[in-house]
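Descriptive analysis of the structure
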Amino acid sequence: MKVFVASVGKGTKTPTGTFKTTKGQVWGSLIGVVYGQYSTRIVGSILFHSVPYYSRNKNDLEWQEYNKLGTKASAGCVRLTVRDSKWIYDNIEVGTIVKIYDGQIPNGITKPSTQKIPVDSPNKGWDPTDPDKNNPWKK
């Protein structure tokens, strides 16, 4: 079992139910003119994807949205860190069953968290978990 820190729908709720994943993209277009890394379709326009980026550039992260991971913050998609969205993209086959429910965290599962990006960080355009060798958080 894998557990990830995520943000789900605020206003527009993330749908609950059982779904089968379909095709994904390394850079998926999201609502508006923003992009998510390693998107995997859950159902309709609902995706697993990274926190949004202003462009298809790994150093153009909406870092304020990254700091909302673990809260309701998306337009319905399941937002993840780059590390976690890439894991899904690389390891989950098309047709994998995804169950989304609204309720208590099951016994034995601890809600994960992730680091926050400081407002004054020179690296704030990058997701700290991005495995890219050029990620300044890795230096």
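Above this text sits the structure in question.
Parameters at a glance
Residues numbered from 1 in each chain as written. Predicted model: local features only at pLDDT ≥ 70, side-chain atom pairs only at ≥ 80, totals over all residues. Heavy atoms only, no water. Buried < 20%, exposed > 50% of the residue type's maximum accessible area, 1.4 Å probe, protein only. Helix = DSSP H or I, 4+ residues; strand = E, 2+ residues; numbered from the N terminus. Contact = heavy atoms within 4.5 Å. Core = buried A, V, L, I, M, F, W, Y, C linked by side-chain atoms within 4.5 Å. Salt bridge = Lys/Arg side-chain N within 4 Å of Asp/Glu carboxyl O. 1 Å grid on protein atoms, 1.4 Å probe; cavity = no way out; pocket = protein on both sides within 12 Å on 5 of 7 lines; lining within 4 Å. Points joined across faces, edges and corners; volume = space filled by probe spheres on them.

Attention shifts here to helix α2 (residues 82-91). Each turn of an α-helix holds 3.6 residues, which means side chains three or four residues apart point in the same direction. Listed in full, the buried residues belonging to α2 are Val82, Asp84, Ser85 and Ile88. Residues of α2 that are buried make contact with β4 (35-43), β5 (46-50) and β7 (78-80).

One finds Val5, Trp27, Tyr35, Tyr38, Val51, Tyr53, Leu61, Trp63, Tyr66, Leu69, Val82 and Ile117 forming the largest nonpolar core, which totals 12 residues. Counting only elements with at least two residues in this core, the list comes to β4 and α1 (63-66). Not counting residues up to four positions away in its chain, the partners in contact with Trp27 are Tyr35, Gly36, Gln37, Tyr53, Ser55, Arg56, Asn57 and Lys58. Judged by nonpolar contacts, the second largest core, of 9 residues, contains Ile42, Ile46, Val98 and Ile100.

Quick look at the pattern of salt bridges now. Across all of its chains, the model carries 6 salt bridges by this definition. A salt bridge links Glu65 to Lys68; its shortest N-O distance comes to 2.9 Å. By relative accessible area, which is 14% here, Glu65 ends up buried. Of the charged contacts in the structure, one is a salt bridge between Asp84 and Arg83, with a shortest N-O distance of 3.5 Å. You can call Arg83 partly exposed: its relative accessible area is 47%. A cluster of three or more residues bridged by salt bridges with shared partners is formed by Lys58, Asp130 and Asp132.

The next point concerns unusual backbone geometry. The backbone phi angle of Tyr38 is positive, close to 50°, even though this residue is not glycine. Structurally, Tyr38 can be placed in strand β4.

A few words on the layout of surface pockets. Its boundaries defined by the atoms lining it, the largest pocket holds a volume of some 1,300 Å³. Lining the largest pocket are 36 residues; nearest its centre among them are Phe4, Ala6, Val8, Ile100 and Tyr101. Those elements that provide at least two residues to the lining of the largest pocket are β1 (8-9), β7 and β8 (97-100). The element that contributes the greatest number of residues to the lining of the largest pocket is β8, accounting for 4 residues.

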